Amino acid sequence: MLEEWQTSWKNGDTGRKIYNIMPSVSLRPTNWIREDVIFFSQHGPLPAYLKRFHLSDSDYCSCGGIGTALHYATECILTVSWHMRKPALNFEQEWLKRVANNLVSRQKIRGIIKFISENRDLFRSL
């Protein structure tokens with residue numbers, strides 16, 4: 001059953017953002033909470049996600065940047081309290097893996113997602 005699940009996960013066309021962080025299936029829990037899933041899947045109250053699924057007319061954050069998870073974690077002035085160093089473009093996947101495996105970094109992303117969720121109007125472009 002695990003082999004079948006792994007094959008399905010490896011060859012699937014959904015969940016690729018999570019697959020890039022966790023390429024192997026496991027019966028062990030990940031200990032991810034809602035905010036972790038939102039950040040790493042990039043599904044949730046992020047303008048880029050809302051625009052992609054036609055739930056918003058704009059993918060811009062109110063600060064002027066594109067409202068992605070990486071934007072909020074590294075450069076948005078509205079989330080500066082939780083900022084981490086922005087990865088080089090070719091190291092983004094490795095950066096996401098390291099953030100996922102670092103409790104301090106995960107606490108930061110949880111704070112970002114909670115703040116965005118509680119202040120959605122603040123993050124919509126004008």
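Residues numbered from 1 in each chain as written. Predicted model: local features only at pLDDT ≥ 70, side-chain atom pairs only at ≥ 80, totals over all residues. Heavy atoms only, no water.

Let's talk about the overall build of the protein chain
Then, number 1: Scanning the protein chain from terminus to terminus reveals eight helices and zero strands.
Then, number 2: Its helices and strands taken in sequence order, the protein chain reads α-α-α-α-α-α-α-α from the N to the C terminus.
Then, number 3: For 126 residues, the compact-globule formula gives about 14 Å, and the C-alpha radius of gyration of the protein chain, at 15 Å, lands near that figure.
Then, number 4: Considered along the principal axes of its C-alpha atoms, the protein chain spans approximately 50 × 35 × 30 Å.
Then, number 5: Going through the 126 residues of the protein chain one by one, you find that 37% of them count as buried.
Then, number 6: Sequence separation of 24 or more characterises 43% of the internal contacts of the protein chain that already satisfy a separation of 6 or more.
Then, number 7: Entry remark: accessible area of the protein chain is about 8,300 Å², with carbon and sulfur atoms responsible for 53%. (Helix = DSSP H or I, 4+ residues; strand = E, 2+ residues; numbered from the N terminus. Rg over C-alpha atoms; globule rule 2.2 N^0.38 Å. Buried < 20%, exposed > 50% of the residue type's maximum accessible area, 1.4 Å probe, protein only. Contact = heavy atoms within 4.5 Å. Areas by Shrake-Rupley, 256 points an atom, 1.4 Å probe, with all protein chains shown as cover.)

Some details on the environment of K10
Then, number 1: Within the element layout of this structure, K10 appears in helix α1 (residues 2–11).
Then, number 2: Remark: the alpha-carbon pair of K10 and I77, spanning 67 residues in sequence, is separated by 37 Å.

A word on the environment of T79
Then, number 1: Structurally, T79 can be placed in the loop between α5 (69–74) and α6 (92–100).
Then, number 2: Look at T79 and you get buried, because its relative accessible area is 0%.
Then, number 3: Spatially, the C-alpha atom of T79 lies 14 Å from that of I66, the residues being 13 residues apart in sequence.
Then, number 4: When neighbours within four sequence positions are excluded, T79 is seen to be in contact with Y72, I112, F115 and F123.
Then, number 5: A distance of 3.5 Å separates polar atoms of two side chains, one belonging to T79 and the other to H83. (Polar contact = N/O pair within 3.5 Å; in protein donor to acceptor, adjacent residues only side chain to side chain.)

What about the layout of surface pockets?
Then, number 1: The computed volume of the largest pocket comes to approximately 270 Å³.
Then, number 2: Around the largest pocket sit W5, W9, I18, M22, P23, S24, V25, S26, R28, P29 and T30, which together line it.
Then, number 3: Of the residues that constitute the lining of the largest pocket, the class distribution is seven nonpolar, three polar and one charged.
Then, number 4: Looking at the second largest pocket, the residues that line it are G15, R16, K17, I18, S41, H43 and R52.
Then, number 5: In terms of residue count, the dominant contributor to the lining of the second largest pocket is helix α2 (residues 16–21) (three residues). (1 Å grid on protein atoms, 1.4 Å probe; cavity = no way out; pocket = protein on both sides within 12 Å on 5 of 7 lines; lining within 4 Å. Points joined across faces, edges and corners; volume = space filled by probe spheres on them. Nonpolar A, V, L, I, M, F, W, Y, C, P; charged D, E, K, R; others polar.)

Overview of the packing of aromatic side chains
Then, number 1: On inspection of all chains with the given rule, the structure shows five aromatic pairs.
Then, number 2: With centroids separated by 5.1 Å and ring planes inclined at 85°, the aromatic side chains of F39 and F40 adopt a geometry described as edge-to-face.
Then, number 3: For F40, a relative accessible area of 1% puts it in the buried group.
Then, number 4: Ring geometry for Y49 versus F53: centroids 4.8 Å apart, planes at 45°, classification tilted.
Then, number 5: With relative accessibility at 38%, the residue F53 sits in the partly exposed group. (Phe/Tyr/Trp six-rings, centres within 6.5 Å; stacked < 30°, edge-to-face > 60°.)

Notes on the side chain of R110
Then, number 1: Positionally, R110 belongs in helix α7 (residues 103–118).
Then, number 2: Using a relative accessible area of 11% as the deciding quantity, one classes R110 as buried.
Then, number 3: Here D36 takes part through its side chain, which lies 2.7 Å from a polar atom of the side chain of R110.

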